[in-house]
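Chain residues, written in single-letter form:
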Amino acid sequence: NYDILTNKIAIKNGKLTFGNVTFSLLTLPENMGMELATLVRLEQLIKAGVVVYGPKPTKLLSMHGNKNNAIRFNQLIENIWGKMDGASVKERSYGTGKICWGESMKTVLDKIKLKPDFETLSADTANCLYTHRSLGNEDIYFVFNQQDKVNIRDLYFRSVNTYGKEYNPMDCSITTIIFSKTTDGRTKVPFTFEPRESRIFVFEKGDGKVIKLTTGSKEVTEITDFKGILSFDTRGYGKIIPINIIS
């Protein structure tokens, strides 16, 4: 999208930034048409250090079909992709950036040393769903165990911050967590999830000292005048019969 690439995307240290979100790789679809203005902007981004993954555009999108536009369009494609065919030639440097095509996404991510935002290094990583947001100096991850059983995992977060807290959305407790840094700079947290349990992990900038584990306090509310039917949200814990409280 030309408007987004031109007016809403910025480049910082060879990466695309959109608000507080940073992108290390720009991917292009196969068999795509492209407007000349978009291709011009794409060339500028690659020259400035952006890494692009995808094949060359297959056609010029233009309502007028201007011959001069077609000539420039084809020349830009030749400049950027050169002799890349995705088979014998799969990578090409252009300016301070790079264009890749024909290799798996994992291979390209390994080459630019970009690790997954979150993973557990287990075959069933997908059993832990997550979302990640950056807010100021904080990395905020919401992680959810989809299984109906206890899930014991080492959690790997792509966060370089040095202070972490765990938020329990069920009882609103906040606990300082112990974690370690891996050789590739990620944050490793050993954790045990109960069935269908979720946690919020927040990493922020700290002093980098060893973190001691502390237990968050829990607030208990006592209700003395309730009458009626008390039911329970079990979510994987089995069926619990509602209780009729009459006095």
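**Focus: the overall build of the chain**
- Looking only at helices and strands, the chain has four helices and 20 strands in total.
- Sorting the 247 residues of the chain into buried and exposed places 34% on the buried side.
- Across the chain, every contact between residues at least 6 apart in sequence was considered, and the portion connecting residues at least 24 apart equals 63%.
- If you sum the accessible surface of the chain, you get close to 15,800 Å²; carbon and sulfur atoms cover 53% of it.

**Notes on the confidence of the model for the chain**
- Summary statistics for the chain give a mean pLDDT of 83 and a share of 85% for residues scoring 70 or more.
- Segment residues 207-216: pLDDT under 50, and 20 contacts once partners within four positions in sequence are set aside and those in other chains are kept.

**Some details on the pairing of strand β12 (residues 138-145)**
- The alternating pattern of β12 places D139, Y141, V143 and N145 on a buried face, while none of E138, I140, F142 and F144, on the opposite face, is buried.
- Sheet topology places strand β11 (residues 128-135) next to β12; eight bridges connect them, and they run antiparallel. For L129, the partnering residue across the bridge sits in β12 and is F144.
- The antiparallel pairing of β11 with β12 creates a hairpin that spans two residues between the two strands, and G136 there sits at a positive phi of about 60°.
- Pairing of β12 with strand β18 (residues 198-204), which is carried by six bridges, proceeds in the antiparallel orientation.

**Description of the sheet that holds strand β1 (residues 10-12)**
- Across the sheet, which stays open at both edges, the three strands sit in the order β1-β2-β3 with antiparallel pairing between neighbours. Across the chains shown, the open sheet's two edge strands, defined by having one partner strand only, are β1 and β3 (21-23). Neighbouring strand axes in the sheet, compared pairwise and without regard to direction, differ in orientation by 40° on average.
- Examined bridge by bridge, strand β2 (residues 15-18) and β3 share three bridges and lie antiparallel to one another. The residue of β3 that forms the bridge with T17 is T22.

Rules and cut-offs
- Residues numbered from 1 in each chain as written.
- Predicted model: local features only at pLDDT ≥ 70, side-chain atom pairs only at ≥ 80, totals over all residues.
- Heavy atoms only, no water.
- Helix = DSSP H or I, 4+ residues; strand = E, 2+ residues; numbered from the N terminus.
- Buried < 20%, exposed > 50% of the residue type's maximum accessible area, 1.4 Å probe, protein only.
- Contact = heavy atoms within 4.5 Å.
- Areas by Shrake-Rupley, 256 points an atom, 1.4 Å probe, with all protein chains shown as cover.
- pLDDT = per-residue confidence, 0-100.
- Pairing = 2+ DSSP bridges.
- Axes fitted to C-alpha atoms, helices over the stretch in contact; angles between N-to-C directions.

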